[in-house]
Structure formats: C-alpha cells, structure tokens
Amino acid sequence: MAITKSKVLIIGVTGYIGKNVCKASINLGHPTFILVRSLISADPAKAELINSFQESGVTALKGDLNDHESLVSAFRQVDVVISTVGGASLVDQIKILQAATEAGTIKRFFPSEFGIEVDRLDLEFKVADGLFGEKRKVRRAIEKSGIPYTYVAAGAFAGWFLATLCQENTRTPPRDKVTIWGDGNTRAILNDEDDIGTFTIKAIDDPRTKNRILIRPKENITSQNEAIALWEKKIGKTLEKTMVPKEDVFKLIHVQSPFPLNLPHAFRYYIFVKGAQTSFEFESNDVEATKLYPQVKYTTVSEYLDRFV
C-alpha cells in the first residue's frame with residue numbers, strides 16, 4: 001500500500017537555504033507549495049527561480065507574513081510548514097504559529113534554523129545575541145503553542161565556510177594564502193546545502209524526528225587545519241598561513257568592524273574558535289540524521305572540495 005506523503009509549504013523559498021529545501025521536497029515526491037508575496041516577482045532572479053519550481057509541479061500560493069488571513073488560507077491546504085526566512089524575519093515566525101493554530105491542519109512546523117544548536121550556545125556578543133536570541137524566542141513560542149515541531153541543527157553551510165575555507169571576500173578556496181581563525185584545531189560541522197534540504201524533507205513524516213533533529217555526519221566534522229591540509233593535498237601546494245589569535249577575533253567583533261560587518265566574525269568565532277557545534281553531547285531527545293537515513297548519500301568534506309580542484 002502506497003504511503004501518502006505530506007503536503008509541504010515552504011516559506012522563504014527564494015532565500016539562501018529555501019531553494020535547497022524546495023528542490024529536495026520535489027525530488028522526494030512531496031506535493032510542494034511555496035508562499036510568495038506576488039505571483040509575478042519584480043526581481044528577475046527570483047521570478048526565474050519561482051517559475052522553475054512551478055514548471056517542476058510546485059504550487060505557488062500568494063501570501064505574506066503580515067497578512068494573517070493569507071497564511072491561514074495557505075496553511076489549510078497543506079500538512080507541514082517549513083520556514084526558511086532570513087534573520088530580519090525570524091520573530092515574524094510567531095505570526096506563522098498564530099495562523100497555524102487557527103488553520104488547525106499543520107501536523108509539523110520547521111522554523112528557520114539549519115545552523116548552530118542555539119539552545120546549547122553560550123551567547124557572548126550582542127551582535128549575535130540578537131539573531132540567536134530571536135531563534136530561542138521563536139522556539140519557546142513554538143513549544144508553548146502545542147504545534148508539533150522539528151528543529152534542524154545542521155552545523156554550518158558548506159557554501160559559506162567550506163567553499164571558502166572560511167576566508168573573506170571569496171567564493172572559492174584560496175590557492176596562495178589562507179587565514180586561520182584561532183589555533184585552527186577547533187572542529188566544526190560543514191554540510192552541503194542540498195544535503196541539509198534532503199535530510200529536512202526526510203524528517204517531515206518521521207515520528208522519530210519530532211522535537212529535534214541534528215545533522216552531524218561523521219565525515220563532515222573537521223577543523224580548519226584539517227580542511228586546509230586536505231585542500232593543499234588536492235591542489236599539490238602548501239598555502240601561506242596567517243593566524244588570527246582569539247583575542248584579535250574579539251577585536252574584529254567589538255572594535256574594528258561595525259554592524260553588520262562584524263556578524264561574519266562572530267559566526268567564525270562561535271564555529272571555529274569556540275567550537276559551538278561540537279562542544280556538547282547528545283541528549284535523550286536528540287537524533288542524528290545520517291543514522292536515521294543511512295541510505296542518503298551525503299556529500300563529504302573531501303567530495304565537496306573536489307568541485308574546486
């Protein structure tokens with residue numbers, strides 16, 4: 001007997017991770033819906049992306065986070081809501097909860113997470129406190145609402161931190177010089193965005209993922225020094241290295257860089273100096289995606305770097 005797959009609505013599909021989640025939903029055979037402010041976008045790139053999804057069978061629903069009735073109407077057509085909104089709209093997700101409560105049809109809500117496990121992060125900087133603090137605020141509202149949920153803590157985006165080897169002002173790994181943050185030995189979790197999308201969609205109909213899922217592939221836990229050494233081996237060249245001690249990273253965050261330019265430095269500190277992604281143990285309600293779905297062939301750190309050789 002065929003299993004009926006949940007109907008999925010993705011909010012924020014034209015953002016960074018939203019398109020990866022949408023693509024995974026299509027590939028895994030879910031009836032897929034996207035929420036758009038206008039059915040005809042004035043932004044050519046966004047219009048092209050939306051059109052490509054519609055050509056793949058995705059249904060676009062007109063709606064806005066500030067239009068309660070449009071949200072309720074959209075939610076009554078689906079089973080699962082996945083939010084991939086950006087930092088400026090994080091708190092607005094409480095409006096999603098309000099509409100989901102009224103709609104009464106949502107069996108799982110995925111808030112916009114996909115990064116650091118914020119409930120086990122010691123906040124040290126006001127620049128990052130706002131972002132992570134807002135995610136915590138949304139989490140508490142979700143738990144209070146009674147709507148079933150899943151938090152996807154996926155580590156760091158490979159496109160941001162592995163493709164660049166955590167360098168500034170580049171989109172590809174360096175071939176001459178490289179900057180190392182801290183001592184370079186702190187381990188981080190670096191996942192391909194398509195894999196994050198796949199594991200997220202795999203989780204939506206799985207009762208084991210209710211409340212939280214962590215994406216922590218063994219092959220993708222690495223330090224900056226290890227990733228650099230692997231890259232050097234692939235290109236057959238030793239890079240000139242510059243170390244930025246922890247104290248200097250602090251200065252970049254607090255003194256030398258105004259907001260929002262200091263936000264990337266705060267991320268680098270939490271991930272590659274503090275080790276915020278790997279410094280905690282699994283708890284009883286944690287599950288790990290690659291163990292739940294061993295059939296998923298995820299992209300390893302080594303395979304990801306091969307793209308740039």
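Structure's up top.
All of these numbers come straight from a predicted model, not from anything done at the bench. (Residues numbered from 1 in each chain as written. Predicted model: local features only at pLDDT ≥ 70, side-chain atom pairs only at ≥ 80, totals over all residues. Heavy atoms only, no water.)

## A look at the layout of surface pockets
- Roughly 1000 Å³ of internal volume is contained in the largest pocket.
- If you trace the largest pocket, you find 49 residues lining it, with G15, T84, V85, G86 and G87 closest to the centre.
- Counting residues per element, the ones that place at least two in the lining of the largest pocket are β2 (32-36), α2 (44-55), α5 (126-145), β7 (156-157), α6 (158-161) and α10 (263-273).
- Of the residues forming the lining of the largest pocket, the biggest block, six residues, is contributed by α5.
- Space inside the second largest pocket adds up to approximately 400 Å³.
- Forming the walls of the second largest pocket are 14 residues, and the residues nearest its centre are W160, F161, Q167, P264 and R268.
- If one sorts the elements of the lining of the second largest pocket by residue count, α10 sits on top with four residues. (1 Å grid on protein atoms, 1.4 Å probe; cavity = no way out; pocket = protein on both sides within 12 Å on 5 of 7 lines; lining within 4 Å. Points joined across faces, edges and corners; volume = space filled by probe spheres on them. Helix = DSSP H or I, 4+ residues; strand = E, 2+ residues; numbered from the N terminus.)

## Considering the environment of G63
- As for its placement among the helices and strands, G63 is situated in the loop between β3 (59-62) and α3 (68-75).
- Classification of G63 by relative accessible area gives buried; the value is 7%.
- Along the primary structure G63 and A100 are separated by 37 residues, whereas in three dimensions their C-alpha atoms are 14 Å apart. (Buried < 20%, exposed > 50% of the residue type's maximum accessible area, 1.4 Å probe, protein only.)

## Regarding unusual backbone geometry
- One non-glycine residue, N169, adopts positive backbone phi at about 55°.
- What makes N169 exposed here is its relative accessible area of 82%.
- The phi torsion at N211 lies on the positive side, around 95°, for a residue other than glycine.
- On the secondary structure map, N211 appears in the loop between α7 (193-203) and β10 (213-214).

## Focus: α3
- Listing the buried residues of α3 in full gives S70, L71, V72, A74 and F75.
- Contact partners of the buried residues in α3: β1 (8-11), β2, β3, β4 (80-83) and α4 (93-103). (Contact = heavy atoms within 4.5 Å.)

## What to know about the nonpolar core
- Core analysis: the biggest nonpolar cluster contains 37 residues, and F161 and L162 have the highest contact counts within it.
- For this core, the secondary-structure elements that each account for two or more residues are α6, β8 (177-181), β9 (187-191), α8 (224-235), α9 (246-256), α10 and α12 (301-306).
- The biggest single contributor to this core is α10, with eight residues.
- Residues within four places of L162 in sequence aside, it is in contact with F157, L190, A227, V301, Y304 and L305.
- One finds V8, F114, A154 and I201 within the second-largest nonpolar core, a separate group that totals 34 residues. (Core = buried A, V, L, I, M, F, W, Y, C linked by side-chain atoms within 4.5 Å.)

## With respect to the sheet that holds β9
- If you trace the three strands from one edge of the open sheet to the other, you get β7-β9-β11, paired in mixed fashion. The sheet is open, and its two edges are formed by β7 and β11 (221-223), each paired on a single side.
- Across the face of the sheet, α8 comes into contact with β9 and β11 while running at roughly 85° to β11. (Pairing = 2+ DSSP bridges. Axes fitted to C-alpha atoms, helices over the stretch in contact; angles between N-to-C directions.)

## As for the pairing of β2
- With five of its five residues buried, β2 lies for the most part within the structure.
- Side-chain alternation along β2 places T32, I34 and V36 on one buried face and F33 and L35 on a second face that is also buried.
- Pairing of β1 with β2 involves four bridges; the strand directions are parallel. The residue of β2 that forms the bridge with V8 is T32.
- Remark: the β1/helix α1 (residues 18-27)/β2 crossover connection has right-handed handedness.
- In terms of strand pairing, β2 meets β3 through four bridges, oriented parallel. Following the sheet pairing, I34 is matched in β3 by A60. (Right-handed = clockwise from strand over helix to strand, strands pointing away.)

## Thoughts on the sheet that holds β1
- One open sheet holds the five strands; their spatial order is β3-β2-β1-β4-β5, and the pairing between them is parallel. Bordering the open sheet on either side are β3 and β5 (108-110), each of which pairs with just one other strand. Between one strand axis and the next, the sheet turns by 20° as a mean value, whatever way the strands run.
- Sitting on the sheet, α3 touches β1, β2, β3 and β4, and the angle it makes with β1 is about 150°.

## Considerations on the pattern of salt bridges
- All told, the structure shown has 23 salt bridges when counted by the stated rule.
- Residues E117 and R139 are paired through a salt bridge, measuring 3.0 Å at the closest nitrogen-oxygen approach. Of this pair, E117 sits in the loop between β5 and α5 while R139 sits in helix α5, placing them 22 residues apart in sequence.
- A relative accessible area of 3% places E117 in the buried class.
- Salt-bridge contacts for K237 lead to D176; the nearest nitrogen and oxygen are separated by 2.7 Å. (Salt bridge = Lys/Arg side-chain N within 4 Å of Asp/Glu carboxyl O.)

## Digging into empty space enclosed by the protein
- The tally for this structure, following the rule as stated, stands at two cavities of 30 Å³ or more.
- In this structure, the largest cavity spans a volume of roughly 70 Å³.
- In terms of lining residues, the largest cavity is bounded by 13 residues, among which A153, I189, L214, Q277 and F280 are the most central.
- Its residues placed into classes, the lining of the largest cavity shows eight nonpolar, three polar and two charged.
- For the second largest cavity, the full set of lining residues is F161, L162, L165, C166, L190, S223, Q224, A227 and F272.
- Taken together, the residues of the lining of the second largest cavity break down into seven nonpolar, two polar and no charged. (Nonpolar A, V, L, I, M, F, W, Y, C, P; charged D, E, K, R; others polar.)

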